[in-house]
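So the chains spell out like this:
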Amino acid sequence: MKAAFAVLAGDGVGPEVMKAAVGMLRAVAAGHGHAFSFEEGLVGGVAIDATGEALPAETLELCRGSDAVLLGAVGGPQWDGGPVRPEQGLLAIRKDLELFANLRPIVVSPALAGRSPLRDDLVAGVDILFVRELTGGIYFGPAGRDGDRAWSTMEYSVPEVERIVRVAGDAARGRRGKVTSVDKANVLEVSRLWREVAARVMADEYPEVAYEVVLVDAMAMHLLARPRDFDVVVTANMFGDILSDEASMLPGSLGMLPSASLGEARPGLFEPVHGSAPDIAGQGVANPLGMILTAAMALRHGLGLAAEAAAVEAAVEAVLAAGHRPADLGGSAGTTELGALVAEALAPVS
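Residues numbered from 1 in each chain as written. Predicted model: local features only at pLDDT ≥ 70, side-chain atom pairs only at ≥ 80, totals over all residues. Heavy atoms only, no water.

Of regular secondary structure, the protein possesses 12 helices and 12 strands. Its C-alpha atoms give the protein a radius of gyration of 20 Å, within 12% of the compact-globule value 20 Å for 350 residues. Each of the three principal axes of the protein carries a C-alpha extent, and together these read 50 × 50 × 40 Å. Counting the 350 residues in the protein, one finds 52% classified as buried. Here the contacts in the protein between residues at least 6 apart in sequence split such that 76% fall between residues at least 24 apart. Per element, the accessible surface of the protein, about 14600 Å² overall, is 54% carbon and sulfur. Taken as two groups, the 28 positive and 45 negative side-chain charges of the protein have centres that lie 4 Å from each other. (Helix = DSSP H or I, 4+ residues; strand = E, 2+ residues; numbered from the N terminus. Rg over C-alpha atoms; globule rule 2.2 N^0.38 Å. Buried < 20%, exposed > 50% of the residue type's maximum accessible area, 1.4 Å probe, protein only. Contact = heavy atoms within 4.5 Å. Areas by Shrake-Rupley, 256 points an atom, 1.4 Å probe, with all protein chains shown as cover. Lys, Arg positive; Asp, Glu negative; His and termini not counted. Charge placed at Lys NZ, Arg CZ, Asp CG, Glu CD.)

A few words now on the nonpolar core. What tends to happen in soluble globular proteins is that the nonpolar side chains get buried as a cluster. One finds Phe5, Met24, Leu25, Phe36, Ile292 and Leu299 to be the most contacted residues of the largest nonpolar core, which totals 94 residues. For Leu25, the contacting residues outside a window of four places in its chain are Phe5, Phe36, Phe38, Leu70, Ala295 and Leu299. Leu55, Cys63, Val69 and Leu97 belong to the second-largest nonpolar core, a separate cluster that totals 15 residues. (Core = buried A, V, L, I, M, F, W, Y, C linked by side-chain atoms within 4.5 Å.)

Taken as a whole, helix α12 (residues 335-345) has its buried residues at Thr335, Leu338, Gly339, Leu341 and Val342. Summarising the axial view, the buried residues of α12 lie within an arc of 160°, below the 170-degree limit, and thus occupy one face. For α12, the exposed residues set more than 90 degrees away from the buried face come down to Thr336 and Glu344. If you follow the buried residues of α12, they end up packed against α1 (14-32), α10 (289-302) and α11 (306-321). (Arc of directions from axis to C-beta.)

For the coordinates displayed, the defined rule picks out three aromatic pairs. When the ring of Phe5 is compared with that of Phe38, the centres are 5.3 Å apart and the planes differ by 15°; the resulting orientation is stacked. Taken together, the residues Phe5 in strand β1 (residues 2-10) and Phe38 in strand β2 (residues 35-40) connect sequence positions 33 residues apart. Look at Phe5 and you get buried, because its relative accessible area is 1%. The rings of Phe5, Phe36 and Phe38 are connected pair by pair, giving a single aromatic cluster. (Phe/Tyr/Trp six-rings, centres within 6.5 Å; stacked < 30°, edge-to-face > 60°.)

What follows is the structure, given as structure tokens:
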């Protein structure tokens, strides 16, 4: 396969972890007979410094013409309070590419079960895929201020709910066959619409998939008490933001977590969950595994290369099982070293 990656390293540790991920992708291409190309673009703070914009027009064109967009991280204290914020570049890409579905897998590695703040017997075997609606809800609804009043409005339409629930249903078919829809239908009218539409889509289009509904406050408790019970969790923008951040602590480190933002067609945007970590930038100690696993999501969800993605995930697990650890997991392996170890551990796809 020929595929073009837009590489937006961004700020802070972004360039360091991105270098490791691109190196891994080059190893995948060499070992599995693909031709991957990589073209770099500016986004975030470095783009503001160079052009005055968080997302220059050239970068946006690069993204539009790619098969997948890899993003490292944006932001840093030097841009706080300025007229242009680095995060505006990320939001602009999501809007322009119409990326409505955010996928965030929460997987507890057997080698890292002891790093979780929860007991091993609670987190061992956890494998949850959060499917978060990304372009609607309270973050994008009508908002304003009037004197001593302020308001933010949660709105969803039937088509918006239908398409995100279909993403969850499709994902469950390839996993353990269960979808949990999270809402607040006992209070919010918008959640009652969400519940009605989700139930209809699941019953009509995914009858073989087990389906349940959980209120968001109960879900916050269940993620700590019985996280192994969940497979695919689909929910609205704000609820997904909060719950996936809560669940991100189950594996023990934000540095391990990937994500993907997808639309109806290519390209998708693939970025690790961790931020720019400016306090450790340039020191060579950032954990690259979240970015490497993000690149695996680009292979699976962006290019349809499921076997290659599984090979990358297995290589990461093999490196961890061998005892190699970055600083955020209590070890001393550096960014470059870990990237090289994963590339070496890759097995050819048969």
